[in-house]
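Below, each chain spelled out in residue letters.
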Amino acid sequence: MEPPNPTPPRTHLLHRSRSHWFHSAEPYAPSAPLEGVLEVDVCVVGGGVTGVSTAYHLKEMDPHVSVALLESEVVGFGASGRNAGQLIVAFGESDFKAQMRRHGAAKLREAYTYIHEGISTIEALIDEHDIDCDYEQTGYFEMGLRADDSTTLDEYLAFCREIGQESFLEQISEAQVARSFQSPHFGRAVFDRRGGQFNPLKYLRALKLVAQRLGVQVHENSPVVCIEREPSCIRLQTGSGTLRCQKLVVATNAYSHLLPGLEDLGMVRSQSPVFVYANVTEPLSEPHWRALNWPRRAGVNLMSKLFYSFAPTRDGRLLYVGGYYARVPQGNDMSLDISSNFLREGPRHLTSFFPALSDLRTAQSWGGPISTTRDFVPHVGLLADGRIGYANGCWGHGMPLGTRNGRTLARLMLDRQAPDAESWLVTRNKIDWPSRMIVSPLVRSLSAAVRRDIRKIGRKMQPRLIFEK
Ligand SMILES: Cc1cc2nc3c(=O)[nH]c(=O)nc-3n(C[C@H](O)[C@H](O)[C@H](O)COP(=O)(O)OP(=O)(O)OC[C@H]3O[C@@H](n4cnc5c(N)ncnc54)[C@H](O)[C@@H]3O)c2cc1C
């Protein structure tokens, strides 16, 4: 068999930083930038899922509160318009025994319920506002890797039992997996019937319209370049306008360390950005799908350090994310350049996972920033200046988490205490990264160790999966 052509098609060069969702979207007219002076009760900075959900929930909970949302580019520009579109229930570090030791079953049960509530909130919003975002409630697979002996999967199952999640899960034997997926690398699996897949950008744009109808003032192309805290108000400057507010929500996730004016409140060290990359194939033909035999067209996440996730899109493509290629940016660089190794190796790995797809071309590749906290537990709560709420540390579970965080932040801003203000995620003592001077090298050395492990797993696989350094 001819090896697949490693030369990326021209589309890569033309659309480097655009996700499939942006590329395939309807024409979009951004809301006008902020100009002149605006005064509101609450300002939300960041037009990703966290920011839009916060703005929506603020107006939904109190129609009298005035709310503005400022987005530096367009709604969905960050990770929210660049992700794989999977709604999954995931939380914390991937070492489940360590999670249990560190936090205990009660807190973890609360955290997993919180993420699950994020999915339920998205589903309720889609129903209530008739949002067209291609949502398919397929559930998803946590897939063991044969080369890993599926030990992580066993640990995950024991963990889920301890925190009362097992009723959502169904164990799938290796023989069943072999009948359902034509992949030489898949072992046993766990099927989680919650969640599914959607088009995150369609969802977000529609939710923005709903929020605007409720009265949220949205300004796109309005980067906040300065935040000044005064006793009587908080003053924000964008290139062309000034906004004064009583309360502020910082919903900038992986960009949070760059916001000028919050350095003394610990925003610089609360999270660290990591870039993750995705490829989407051209649409699979019906013979391709028949050859794969993929049940329910549900998303598949490898439960292994060799992290790959595969998500079928509504129009029959495969969208996949490769964890090995994650990049920790240098300093304050947030450029969206795609990993050239992922461009070259991703299609080869896809063929190794699914030999029936050897003739399938990549249609597009892109990257986006996720945010990591020191213990992988997301941050949501109030800063030491109690007028400012924030959330960050959203990674591959960020669509449900950000949606749920939006509800929490709205309650905190409206001084509605119960139940979120008392929840563990809000009240817990958040651990910051050490000084920014060493945080990037530290995260880079942690990722280098994970990459070494991944290369070892790749060498054990049959056929081998080769990763360049
Ligand atoms: C390749 C990839 C695949 C992923 N797959 C999934 C998945 O399948 N499922 C899932 O749930 N999650 C997934 N995620 C993670 C998920 O997308 C994020 O966790 C989530 O979108 C974070 O949302 P957010 O609103 O907190 O941040 P973002 O979406 O990043 O939004 C932050 C916004 O703030 C804006 N901003 C920054 N600075 C300023 C400023 N100074 N002034 C004004 N605005 C500013 C940015 O432009 C941006 O739009 C994936 C992420 C990536 C990159």
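Every chain is numbered independently, its residues counted from 1 as its sequence is written. Residue-level local features of this predicted model are given only where pLDDT is at least 70; pairs of side-chain atoms are given and counted only at 80 or more, and the full residue set underlies all totals for whole chains, interfaces and linings. Excluding hydrogens and water, the side-chain figures rest on all heavy atoms present in the structure.

Of the pockets and cavities examined, the second largest pocket occupies roughly 540 Å³. For the second largest pocket, the lining is made up of 28 residues, of which Trp21, Asp134, Asn199, Lys202 and Arg314 are closest to its centre. Strands here mean DSSP runs of E at least two residues long; helices mean DSSP runs of H or I at least four residues long; both are numbered from the N terminus. Taken together, the elements giving at least two residues each to the lining of the second largest pocket come down to α2 (20–23), α8 (200–214) and β14 (308–312). Looking at the lining of the second largest pocket, the element that brings in the most residues is α8, giving five residues. Taken together, the residues of the lining of the second largest pocket sort by class into twelve nonpolar, seven polar and nine charged. Both cavities and pockets are sets of points on a 1 Å grid over the protein atoms alone; in a cavity a 1.4 Å probe fits but cannot get out, in a pocket the set is open with protein on both sides within 12 Å along at least five of seven lines, and lining residues sit with an atom within 4 Å of a point. Grid points are joined across faces, edges and corners, and a volume is the space filled by probe spheres set on the points. Nonpolar residues are Ala, Val, Leu, Ile, Met, Phe, Trp, Tyr, Cys and Pro. Charged residues are Asp, Glu, Lys and Arg, and all others, Gly as well, are polar.

A word on a negative patch on the surface. Where like charges cluster on the molecular surface, the negative patch consists of Glu60, Asp127, Glu128 and Asp130. Its place among the elements puts glutamate 128 in helix α5 (residues 105–128). Every patch collects residues that have over 30% relative accessible area and no salt bridge, joining them within 9 Å if they carry like charges and within 5 Å if they are nonpolar side chains (Val, Leu, Ile, Met, Phe, Trp, Tyr). For every accessible area listed, the method is Shrake-Rupley and the probe measures 1.4 Å; residues are considered covered only by the protein chains on display. By definition, a salt bridge exists where a carboxyl oxygen of Asp or Glu is found within 4 Å of a side-chain nitrogen of Lys or Arg. For this count, His and the chain ends are skipped, Lys and Arg are scored as positive, and Asp and Glu as negative. For the purpose of locating charges, the reference atoms are NZ of Lys, CZ of Arg, CG of Asp and CD of Glu.

Here we take up unusual backbone geometry. In this structure, proline 463 follows glutamine 462 across a cis peptide bond, with omega equal to -5°. When you line up the elements, proline 463 lands in the segment after α13 (436–460). At aspartate 130, a residue that is not glycine, the phi angle is positive and equals roughly 55°. Secondary-structure assignment places aspartate 130 in the loop between α5 and β4 (140–145). Look at aspartate 415: it is not a glycine, yet its phi comes out positive at around 55°. Here aspartate 415 shows up in the loop between α11 (398–413) and α12 (424–427).

The next thing to look at is the site of the ligand. Being near a molecule or strand, for a residue, comes down to having at least one heavy atom within 4 Å of it. Not every one of the 36 residues close to the ligand is listed here, only the nearest: Thr50, Glu71, Ser80, Gln86 and Trp395. Between N or O atoms, a polar contact is any pair within 3.5 Å; within protein, one atom must be a potential hydrogen donor and the other a potential acceptor, and residues adjacent in sequence are included only when both atoms are from side chains. Between the ligand and the protein, one listed contact pairs an oxygen atom with a backbone N or O atom of valine 49 at 3.0 Å. With the chains in place, 96% of the 1000 Å² that the ligand exposes on its own is no longer accessible. Elements represented by at least two residues in the shell around the ligand include exactly α3 (49–61), β16 (362–372) and α11. With three residues, α11 is the single largest residue contributor to the shell around the ligand.

In this section: the pairing of strand β10 (residues 234–237). Residues Ile234 and Leu236 line the buried face of β10, whereas the alternating positions Arg235 and Gln237 sit on a face that is not buried. A pair of strands counts as paired when DSSP detects no fewer than two bridges linking them. Here strand β9 (residues 226–229) pairs with β10 via four bridges, running antiparallel. Directly across from glutamate 228, in β10, lies its bridge partner arginine 235. Note that β10 and strand β11 (residues 241–250) share four bridges and pair antiparallel. Among the inter-strand pairings, isoleucine 234 is bridged to a residue of β11, identified as cysteine 245. Think of it in three bands: with a 1.4 Å probe and only protein chains considered, a residue is buried below 20% of the maximum accessible area for its type, exposed above 50%, and partly exposed in between.

The next thing to look at is the pairing of strand β1 (residues 36–45). Relative to β11, β1 is paired through nine bridges, and the arrangement is parallel. From the neighbouring strand, valine 40 faces β11, where its bridge partner is cysteine 245. As judged from the four bridges shared by β1 and strand β2 (residues 67–70), these two strands associate in the parallel manner. Within β2, the residue paired with valine 44 across the bridge is leucine 69. Think of it like this: strands point away, you trace from the first strand over the helix to the second, and a clockwise trace means the crossover is right-handed. Handedness of the crossover joining β1 and β2 through α3: right-handed.

Glancing now at the pattern of salt bridges. Overall, the coordinates contain 25 salt bridges when judged by the stated rule. Across the pair lysine 97 and glutamate 155 runs a salt bridge, and its minimum N-O distance is 3.9 Å. Residue lysine 97 is located in helix α4 (residues 96–103), and its partner glutamate 155 is located in helix α6 (residues 151–162); the two are separated by 58 residues in the primary sequence. Through salt bridges with shared partners, a single ionic network connects Asp132, Asp134, Glu136, Lys202 and Arg314.

A few words now on the packing of α3 against α11. Where α3 meets α11, the axes come as close as 7 Å, and the angle between the chain directions of the two elements is 40°. Of the possible angle classes, the one that applies to α3 and α11 is oblique. Here α3 runs over α11; the crossing is right-handed. Within the contact between the two elements, α3 uses Val49, Thr50, Ser53, Thr54, His57, Leu58 and Met61 and α11 uses Gly398, Met399, Gly402, Thr403, Asn405, Gly406, Arg407, Leu409, Ala410, Arg411 and Met413. Per-class residue counts for the contact of α3 with α11 are seven nonpolar, nine polar and two charged. Whenever a helix is involved, its axis is fitted only over the stretch in contact; in every case the axis is a line through C-alpha atoms, and angles between N-to-C directions fall within 0 to 180 degrees. Orientation is classified from the angle alone, with under 35 degrees giving roughly parallel, over 145 giving roughly antiparallel, 65 to 115 giving roughly perpendicular, and any other angle giving oblique. Each helix crossing is assigned a hand: it is left-handed if the near helix lies turned anticlockwise from the far helix by less than a right angle, otherwise right-handed if that turn is clockwise. Contact definition: two residues touch when any of their heavy atoms are within 4.5 Å.

Next up on the list: the sheet that holds strand β13 (residues 299–302). Spatially, β5-β6-β4-β13-β14-β15-β12-β16 is the arrangement adopted by the eight strands of the open sheet, whose pairing is mixed. Edge positions in the open sheet fall to β5 (169–172) and β16, since each of these has one partner strand only. The sheet shows a mean angle of 20° between the axes of neighbouring strands, direction not considered. Here three bridges tie strand β12 (residues 272–281) to strand β15 (residues 318–322), and the two strands are oriented antiparallel to one another.

Under the 1.5 Å per step criterion, the end-to-end length of α11 is 21 Å for 16 residues, consistent within 8% with the ideal 22 Å. Most of α11 is tucked away: 15 of the 16 residues are buried. Helix span, expected: 1.5 Å multiplied by one less than the number of residues in the helix.

Here the focus is the side chain of threonine 238. Relative to the helices and strands, threonine 238 is located in the loop between β10 and β11. On the basis of relative accessible area, threonine 238 is assigned to the buried category, the value being 6%. With sequence-adjacent residues up to four places away left out, threonine 238 is seen in contact with Leu34, Leu70, Ser222, Pro223, Val224 and Val225.

Turning our attention to a positive patch on the surface. Taken together, the side chains of Arg452, Lys456, Arg459, Arg464 and Lys469 present a region of like positive charge at the surface. Among the structural elements, lysine 456 can be located in helix α13. For lysine 456, a relative accessible area of 48% translates into the label partly exposed.

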